[in-house]
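# Fold and geometry: a report
What follows is the residue order along each chain.
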Amino acid sequence: MATVNHEIIINAPIQKVWATLWDEKSYSDWTQFFTPGSKFKTDWQVGGETVFLDAEENGMYSTIKSINAPREVTFSHLGMVREGKVDTATVNQLEWSG
């Protein structure tokens, strides 16, 4: 699998960028352009549970691999959420988890 890195310079304090990315309200604001109604739920713990959901409660089930707030958070994909149920065991999920 290829790794792709992108970089952009943002003229704002790092705390403001972090808050914009991860505040409940602003997260929904910026993600509406590719997934209207999107939200996330997390315990903000390494190894804990994080879900990224659309308006119909479908999405990704993940964990935080590392966090260095307000600079970086790394998520690891574990599965999908469909109709409110977590799927980590189907062949499709096992092929690209992690």
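Here's what I pulled together on the structure shown here. Since this is a predicted model, take the numbers as computed values, not measurements.

## Digging into the overall build of the protein chain
From N to C terminus, the protein chain includes three helices and five strands. For the protein chain, the α and β elements follow one another from N to C terminus as α-α-β-β-β-β-β-α. Considering only C-alpha atoms, the protein chain reaches an extent of 45 × 30 × 25 Å along its principal axes. Relative to its 98 residues, the protein chain shows a buried fraction of 27%. In the protein chain, 18% of the contacts between residues at least 6 apart in sequence involve partners at least 24 apart. Carbon and sulfur atoms form 55% of the exposed surface of the protein chain, whose accessible area is close to 7,200 Å².

## Examining the nonpolar core
Across soluble globular proteins, nonpolar side chains show a tendency to be buried alongside one another. Core analysis: the largest hydrophobic core is formed by seven residues, namely Trp18, Trp22, Tyr27, Phe40, Phe52, Ile64 and Val73. Not counting the four nearest positions on each side in its chain, Phe52 is found in contact with Trp22, Tyr27, Lys39, Phe40, Asn58, Gly59, Met60, Ser62 and Phe75.

Reading guide: rules and limits
- Residues numbered from 1 in each chain as written.
- Predicted model: local features only at pLDDT ≥ 70, side-chain atom pairs only at ≥ 80, totals over all residues.
- Heavy atoms only, no water.
- Helix = DSSP H or I, 4+ residues; strand = E, 2+ residues; numbered from the N terminus.
- Buried < 20%, exposed > 50% of the residue type's maximum accessible area, 1.4 Å probe, protein only.
- Contact = heavy atoms within 4.5 Å.
- Areas by Shrake-Rupley, 256 points an atom, 1.4 Å probe, with all protein chains shown as cover.
- Core = buried A, V, L, I, M, F, W, Y, C linked by side-chain atoms within 4.5 Å.

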